[in-house]
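# Architecture at a glance
In case you want the letters, here they are:
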Amino acid sequence: MKLSFVLLSLFLLSTYAVYAQADSSSAITFSGYIEAYYAHDFNVTANNERPSFIYNYKQTNQPSINIGLLKVGYQKKAIRANLGLMAGNYVKYNLATEPDGLRNLYEANLGVSLSKTKSLWLDAGIFPSHIGLATPIGKDNFTLTRSLASENSPYYETGIRLSYTSANQKWYTALLALNGWQRIEGLGRMPSLGTQLTFKPSSALQLNSSSYVGLEKRGGTESWRVFHNLFIVYQSTPKHTLAACFDIGKQQQLASTNWGTWYTVFVQNKYAFTNKWSATARIEYYSDKQQFLIQTQQPFQTFGYSLNIDYLPVPSTIIRIEGKLYNSKETIFTKSNGNPTTVYSALTAAVAFAF
């Protein structure tokens, strides 16, 4: 799908939504988001692109758009639907394996309520992933760049979802049948399965458990993948929020009945100095020795450290800057002089606008 067609579609979508909003009784909502950034790496990178295991804010040394999005939502009585169209680097790198005609779909789903008294819904289509804390919408994330856990687990998924939310809003559970691990177009075989359970005992605490099991294709060979994501978000005070995540996955080795394991953990700590200024620090570790998800020619065992500063001049706009450092056990990076190194460092700045 060419960019000109996408831009025209976004314009028509926004025009329709604006007219729809003129009717206060309308069930249609309209929203948009755009995020521009500039990234600089202190290591040598190929083609002005960040390492292969990074998919957002990928291009370096040039102003770029990570994502531009327009979305229309509809909900009235027992029916709900969402359609979102997008463009930018996120599309180029995260959806590179999808067919051309589908890459610019951020979200396209339709749902029906199965109960008149309970919040029980059956939805089908393309959704944001049920796994992890991060989303493609940067302003909704704790930090500017994504964690290694987020970059190497699904951002989106396609399939059928049966979900239930308790009357007191404290419990959410979902069962999913999916086309695969971050896939729009399926491989024409049995669906993958997913589950999600979220518990919010109070407005300050959220606990989430998400799982996935399915067949994945690697090197022309299919193998089973089992994955679990666990995270907790705790807002101890109006100014302080702590989040922690642990992911673990197991997968069959190629042409073998043996299984290998990868795992990752991170902690991020956010503090709001004022209503406009905040900072977030993150420490993380990712181990994928057998390179099921991260292919770097050597076993991937890497610590990551980042510090993020946010400024909100107005509620609809956020300005962010972040410094990041990776420290790997193996020499998987390249110094500015061309020599291999275990250390990678980068600086990223971004401005985002939402409406």
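Note that this is a predicted model, so its numbers are computed, not measured.

### A closer look at the overall build of the protein chain
Counting its secondary structure elements, the protein chain contains three helices and 18 strands. For 355 residues, the compact-globule estimate of 2.2 N^0.38 gives 20 Å, and the protein chain sits close to it at 21 Å. The principal-axis extent of the C-alpha atoms belonging to the protein chain is close to 65 × 50 × 45 Å. A separation threshold of at least 6 residues defines the contact pool for the protein chain, and within that pool the share at least 24 residues apart is 54%. On the protein chain, roughly 17,100 Å² of surface is accessible, and the fraction owed to carbon and sulfur atoms is 61%.

### What to know about the side chain of Ser 163
Within the secondary structure, Ser 163 is located in strand S6 (residues 156-165). Once residues within four sequence positions are removed from consideration, Ser 163 is found in contact with Arg 80, Ser 119, Leu 120, Trp 121, Asp 123, Tyr 172, Thr 173 and Ala 174.

### A few points about the layout of surface pockets
The volume enclosed by the largest pocket comes to roughly 1,000 Å³. When residues in the lining of the largest pocket are grouped by element, the largest group, five residues, is from strand S5 (residues 119-128). Among the residues making up the lining of the largest pocket, the classes are represented as 18 nonpolar, 18 polar and nine charged. Taken as a whole, the second largest pocket spans an internal volume of roughly 680 Å³. Among the elements of the structure, helix H2 (89-94) and strand S9 (205-218) are those that each provide at least two residues to the lining of the second largest pocket.

### Comments concerning empty space enclosed by the protein
Counting across every chain of the model gives one cavity of 30 Å³ or more. Of the pockets and cavities examined, the largest cavity occupies roughly 70 Å³. Looking at the largest cavity, the residues that line it are Arg 50, Ile 54, Asn 56, Thr 145, Arg 146, Glu 151, Glu 322, Gly 323, Lys 324, Tyr 344, Ala 346 and Thr 348. Contributions of two or more residues to the lining of the largest cavity are made by strand S15 (317-328) and strand S18 (343-354). Across the lining of the largest cavity, the residue classes tally to three nonpolar, four polar and five charged.

### Quick word on the nonpolar core
Among the nonpolar cores identified, the biggest contains 21 residues, and Phe 53, Tyr 286, Phe 300 and Tyr 326 are the most heavily contacted of them. Looking at this core element by element, the count peaks at three residues for strand S7 (residues 171-178). Those residues in contact with Tyr 286, other than ones at most four positions away along the chain, are Leu 148, Ala 149, Asn 152, Trp 262, Tyr 263, Thr 264, Leu 293, Ile 294, Phe 300, Gln 301 and Thr 302. In terms of nonpolar packing, the next biggest core, distinct from the first, is built from 18 residues, Ile 67, Leu 105, Ile 318 and Ala 352 among them.

### A word on the packing of aromatic side chains
Applying the stated criterion across every chain, the model contains 21 aromatic pairs. Residues Tyr 37 and Tyr 57 carry aromatic rings whose centres are separated by 5.3 Å and whose planes lie at 90 degrees to one another, so their mutual orientation is edge-to-face. A residue pair is termed long-range when its members are at least 10 positions apart, and Tyr 37 in strand S1 (residues 28-41) and Tyr 57 in the loop between S1 and strand S2 (64-76) qualify at 20 residues. Side by side, Tyr 37 and Tyr 57 carry an identical accessibility label, which is buried.

### Some words on a nonpolar patch on the surface
Taken together, Tyr 74, Ile 79, Leu 110, Val 112, Leu 114, Leu 122, Ile 160, Leu 162 and Leu 175 make up a surface patch of nonpolar side chains, about 740 Å² in accessible area. Listed by contribution, the elements that provide at least two residues to the nonpolar patch are strand S4 (105-113) and S6. The topology assignment puts Leu 162 in strand S6. Relative accessible area serves as the criterion here: at 33%, Leu 162 is assigned to the partly exposed category.

### A look at unusual backbone geometry
Note: most peptide bonds trans; most residues except glycine with negative phi. Despite not being glycine, Asn 61 shows a phi value in the positive range, around 60 degrees. For Asn 61, a relative accessible area of 39% puts it in the partly exposed group. Of note in the backbone geometry, Gln 297 takes a positive phi value of approximately 70 degrees without being a glycine. For Gln 297, a relative accessible area of 74% puts it in the exposed group.

About the criteria used
Residues numbered from 1 in each chain as written. Predicted model: local features only at pLDDT ≥ 70, side-chain atom pairs only at ≥ 80, totals over all residues. Heavy atoms only, no water. Helix = DSSP H or I, 4+ residues; strand = E, 2+ residues; numbered from the N terminus. Rg over C-alpha atoms; globule rule 2.2 N^0.38 Å. Contact = heavy atoms within 4.5 Å. Areas by Shrake-Rupley, 256 points an atom, 1.4 Å probe, with all protein chains shown as cover. 1 Å grid on protein atoms, 1.4 Å probe; cavity = no way out; pocket = protein on both sides within 12 Å on 5 of 7 lines; lining within 4 Å. Points joined across faces, edges and corners; volume = space filled by probe spheres on them. Nonpolar A, V, L, I, M, F, W, Y, C, P; charged D, E, K, R; others polar. Core = buried A, V, L, I, M, F, W, Y, C linked by side-chain atoms within 4.5 Å. Buried < 20%, exposed > 50% of the residue type's maximum accessible area, 1.4 Å probe, protein only. Phe/Tyr/Trp six-rings, centres within 6.5 Å; stacked < 30°, edge-to-face > 60°. Patch = residues over 30% accessible without salt bridge, like charges linked within 9 Å, V, L, I, M, F, W, Y side chains within 5 Å. Salt bridge = Lys/Arg side-chain N within 4 Å of Asp/Glu carboxyl O.

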